[in-house]
Amino acid sequence: MSDAELVLRSTRVVTPEGTRAATVTVSAGTITAVLPYDAEVPAGARLEDVGDHILLPGLVDTHVHVNDPGRTEWEGFWTATRAAAAGGITTLVDMPLNSLPPTTTVDHLRIKQAVARDKAHIDVGFWGGALPDNVKDLRPLHDAGVFGFKAFLSPSGVDEFPHLDQDRLARSLAEIAGFGGLLIVHAEDPHHLAAAPQHGGPKYADFLASRPRDAEDTAIANLIAQARRLDARVHVLHLSSGDALPLIRAARAEGVRVTVETCPHYLTLTAEEVPDGASEFKCCPPIREAANQDLLWAALADGTIDCVVTDHSPSTADLKTDDFATAWGGISGLQLSLPAVWTEARRRGHTLEDVVRWMSTRTAGLVGLDRKGAIEAGRDADFAVLAPDETFTVDPAGLQHRNRVTAYAGRTLYGVVKSTWLRGERIVADGVFTEPKGTLLSRTH
């Protein structure tokens, strides 16, 4: 302990072995030990005693649309990473769209990295994109350090990122499986979507009918079949349909390598409460009914759903019209994901240890970030300090997102993030930020 530069102490530290009073020592940005609460502070080390606030590992959000460069007016690295830091997130992985250019070649990745390098308040990694015509680019992107590849099975909403039909999915997945990569998939079947009623207008019920559960279920079944045939590793993005859960459980029982995420908005918001014309609630797949939400929570509890990520997908306010058919589909959630999930989790009898597992440990594991996701020796000293019993009411004016449109406006949430730490340095406390200290991350294995 003699080389410790920083010591953090709390009566409640969430560790892999459980929550306990502890003293955490840090040197050169790395956790060196988790010691008993009354351990002696070494000479020369700085003590930060957070009292009864809970010390969590920094969250790892593996599904974020930063949109920079090209659509920076929607969101940028400076604002997105500030919002993340304010919410206790210390690592994010950026989606390959909706930036211009999309991250679908090594040259495009380098452009994205150059834009992010000096603006990132937290650590940032990157997904690549799998398009109908870029199979040749997948291995070079993998070798350049992307964490995997995003694909759509139905139209993405932007022309520069077309979806894969089943033949092209098979081709891309075979290539990715050949070098041991990961394909992450927006799973909605375009034929089911085309056959669904398309009324447009302000009624949420009409929008919900236009994105039926069977579109997800069929797409997931097809993806599982491809993964089984190729022994490929696949990940289902933003699951909203509880009806797909038996398919996933059965596939895993057979040994198919499939993992699954869901999002805070599916866990905390319900179709019954979405007002007509309120397109701040629009996302694809959609927020579904309360009974469906119960199925998602049960699947989190039993491990069928692995993790919870934001799918932070903002736009400018003018694109959030009152017509659900034409409004941009995406919910901004970076700053509020931890309190939103914790509020509902505690109501349902879950613990902060559960939340950490879903939003930090398993997300870090998904992308192989072995230095993230837990408070234990050898990991990065990334922390969130949380007052779990304090509440606040969401005021959009207090958000760090570039466009302060939120489905959570006016909601009272539990869990106030008091400070966030990145590799042993406090990057935000009580709304005051340091200069950007984030590092650009690459896949290491």
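Residues numbered from 1 in each chain as written. Predicted model: local features only at pLDDT ≥ 70, side-chain atom pairs only at ≥ 80, totals over all residues. Heavy atoms only, no water.

### Observations concerning the overall build of the protein
Phase 1 of the analysis: Check the secondary structure of the protein and you find 12 helices and 18 strands.
Phase 2 of the analysis: Taken against the 2.2 N^0.38 rule, which gives 22 Å for 445 residues, the C-alpha radius of gyration of the protein at 21 Å falls within 12% of a compact globule.
Phase 3 of the analysis: The C-alpha extent of the protein, read off along each of the three principal axes, is 70 × 45 × 45 Å.
Phase 4 of the analysis: Looking at the protein as a whole, 60% of its 445 residues are labelled buried.
Phase 5 of the analysis: Considering only intrachain contacts with a sequence separation of at least 6, the fraction spanning at least 24 residues in the protein is 74%.
Phase 6 of the analysis: Carbon and sulfur atoms make up 50% of the accessible area of the protein, which totals about 15700 Å².
Phase 7 of the analysis: Of note, the protein has its 43 positive side-chain charges centred 2 Å away from the centre of its 59 negative side-chain charges. (Helix = DSSP H or I, 4+ residues; strand = E, 2+ residues; numbered from the N terminus. Rg over C-alpha atoms; globule rule 2.2 N^0.38 Å. Buried < 20%, exposed > 50% of the residue type's maximum accessible area, 1.4 Å probe, protein only. Contact = heavy atoms within 4.5 Å. Areas by Shrake-Rupley, 256 points an atom, 1.4 Å probe, with all protein chains shown as cover. Lys, Arg positive; Asp, Glu negative; His and termini not counted. Charge placed at Lys NZ, Arg CZ, Asp CG, Glu CD.)

### Points about the pairing of strand S3 (residues 30-36)
The side chains of a regular strand alternate between the sheet's two faces.
Phase 1 of the analysis: Bridge analysis of strand S2 (residues 18-27) against S3 gives 6 bridges, and the strand direction is antiparallel. From the neighbouring strand, Thr23 faces S3, where its bridge partner is Leu35.
Phase 2 of the analysis: Where S2 folds back onto S3 in an antiparallel hairpin, the turn is made up of 2 residues, including Ala28, whose phi is positive at roughly 50°. (Pairing = 2+ DSSP bridges.)

### Remarks on unusual backbone geometry
Phase 1 of the analysis: Residues Asp68 and Pro69 are joined by a peptide bond in cis, for which omega reads 5°.
Phase 2 of the analysis: In the segment running from Leu97 into Asn98, the intervening peptide bond is cis, with an omega of 20°.
Phase 3 of the analysis: Inspection of the secondary structure puts Asn98 in the loop between strand S7 (89-94) and helix H2 (106-116).
Phase 4 of the analysis: The phi torsion at Ala28 lies on the positive side, around 50°, for a residue other than glycine.
Phase 5 of the analysis: Of note in the backbone geometry, Asp430 takes a positive phi value of approximately 55° without being a glycine.
Phase 6 of the analysis: Locating Asp430 in the fold gives a position in the loop between strand S17 (425-429) and strand S18 (432-433).
Phase 7 of the analysis: When its relative accessible area of 66% is taken as the criterion, Asp430 is described as exposed.

### A few points about the state of the cysteines
A covalent bond bridging the sulfur atoms of two cysteines is what the word disulfide describes.
Phase 1 of the analysis: Taken as a whole, this structure holds 0 disulfides when the rule is applied.
Phase 2 of the analysis: For the unlinked cysteine Cys284, the closest cysteine sulfur is that of Cys283, found at 6.8 Å.
Phase 3 of the analysis: Free cysteine Cys307: the closest other cysteine sulfur is in Cys263, separated by 9.2 Å.
Phase 4 of the analysis: For Cys307, a relative accessible area of 1% corresponds to the buried category. (Disulfide = S-S within 2.5 Å.)

The quantities given are spatial measurements derived from coordinates; they are silent on function.
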